[in-house]
Amino acid sequence: MGDVLDSYNQWLDGAWLTVRLTLLGGALALVLALVFGLAGTSRHAWVRGLNRLYVEFFRGNATLVLLFWFFYALPLIGLRFTTMFAAVLALGLNIGAYGAEVVRGSIKAVPRAQYEATVALNFTPYQRMRRVLLPQGFALMLPPFGNLIIELMKGTAIVSLVGLVDLTRVSKNIQGSTGQTVAAFTVVLVLYFVIAQVLQLAVRYAERRVDRMLGRRLPSEPSLGTIAAGAPGAGVSG
């Protein structure tokens, strides 16, 4: 175990590459999710068709196949990407397709009364989306987005197959050099778990911030009506 832990520089470099891939791929996935998710709510059939085309194609293909396509196949027809760019592109396109459905479903889940109120106030379609529908829908998007970013982080393990030295590749290198299979894979197991927990905490923090911005009451904050009724836990004794 000592030899495995002594290679902490390799572990740190691998963890940093995994985090970079997660952040870059997540940023691309978020942009694609918003663009194609909002396209899925359009009144125009051809715009909704673009949403379905993107979602069904990239959601229906494995991230590993996309990575191999960008890294091995496209150079044969004259399109060459760096290994890092190919990895980010494959991860972002795949997770973005799932995210687009999250965006579309969240916008559709905003109560109809909210939309009708924007019509009564004579908001333009852009104002309706920016001021009312998207802020409320964003609060609904955050929990599933949290799951998707963790899935993307775990999916970065495939980049070791095209030469990038991420956490998975580091664990294989150290296992090969030290012969300590259990120790090497235990360390990488713990590191992936730690990164996932950090991402989850960040998402939960964002959820709380959005709730406050929208004026929503947090679970630990009782309503005035509950306090007035003297309900248990409301801070009013009988």
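Residues numbered from 1 in each chain as written. Predicted model: local features only at pLDDT ≥ 70, side-chain atom pairs only at ≥ 80, totals over all residues. Heavy atoms only, no water.

Peer 1: For the packing of aromatic side chains, give the residues involved together with the corresponding values.
Peer 2: Under the counting rule described, the total for this entry stands at 7 aromatic pairs. Ring centres of Phe57 and Phe58 lie 5.0 Å apart, and the angle between their planes is 90°; this geometry places the pair in the edge-to-face category. What makes Phe57 partly exposed here is its relative accessible area of 47%. Judged by its relative accessible area of 16%, Phe58 is buried. Judged by centre distance (5.5 Å) and plane angle (65°), the ring pair of Phe68 and Tyr72 falls under edge-to-face. You can see Phe68 and its partner Tyr72 sitting in helix 4 (residues 63–73), 4 residues apart, about one turn around the helix. (Phe/Tyr/Trp six-rings, centres within 6.5 Å; stacked < 30°, edge-to-face > 60°. Buried < 20%, exposed > 50% of the residue type's maximum accessible area, 1.4 Å probe, protein only. Helix = DSSP H or I, 4+ residues; strand = E, 2+ residues; numbered from the N terminus.)

Peer 1: Any details on a nonpolar patch on the surface? Residues and values, ideally.
Peer 2: On the surface, Leu189, Val190, Phe193, Val194 and Val198 cluster together into a nonpolar patch covering about 480 Å² of accessible area. Structurally, the position occupied by Leu189 is in helix 9 (residues 181–213). Overall, the relative accessible area of 61% leaves Leu189 in the exposed class. (Patch = residues over 30% accessible without salt bridge, like charges linked within 9 Å, V, L, I, M, F, W, Y side chains within 5 Å. Areas by Shrake-Rupley, 256 points an atom, 1.4 Å probe, with all protein chains shown as cover. Salt bridge = Lys/Arg side-chain N within 4 Å of Asp/Glu carboxyl O.)

Peer 1: Now, about the UniProt feature "transmembrane region" (unreviewed entry) in the protein: what can you tell me, with residues and values included?
Peer 2: Using the residue numbers shown here, the UniProt feature "transmembrane region" (unreviewed entry) corresponds to residues 20–41, 53–72, 78–98, 138–162 and 182–203. Split by type, residues 20–41 is 91% helix and 0% strand. Its first and last C-alpha atoms lie 32 Å apart. Counted over residues 138–162, helix gives 72% and strand 0%. Its end C-alpha atoms are 35 Å apart. (UniProt positions renumbered as here; feature names shortened; annotations may be inferred.)

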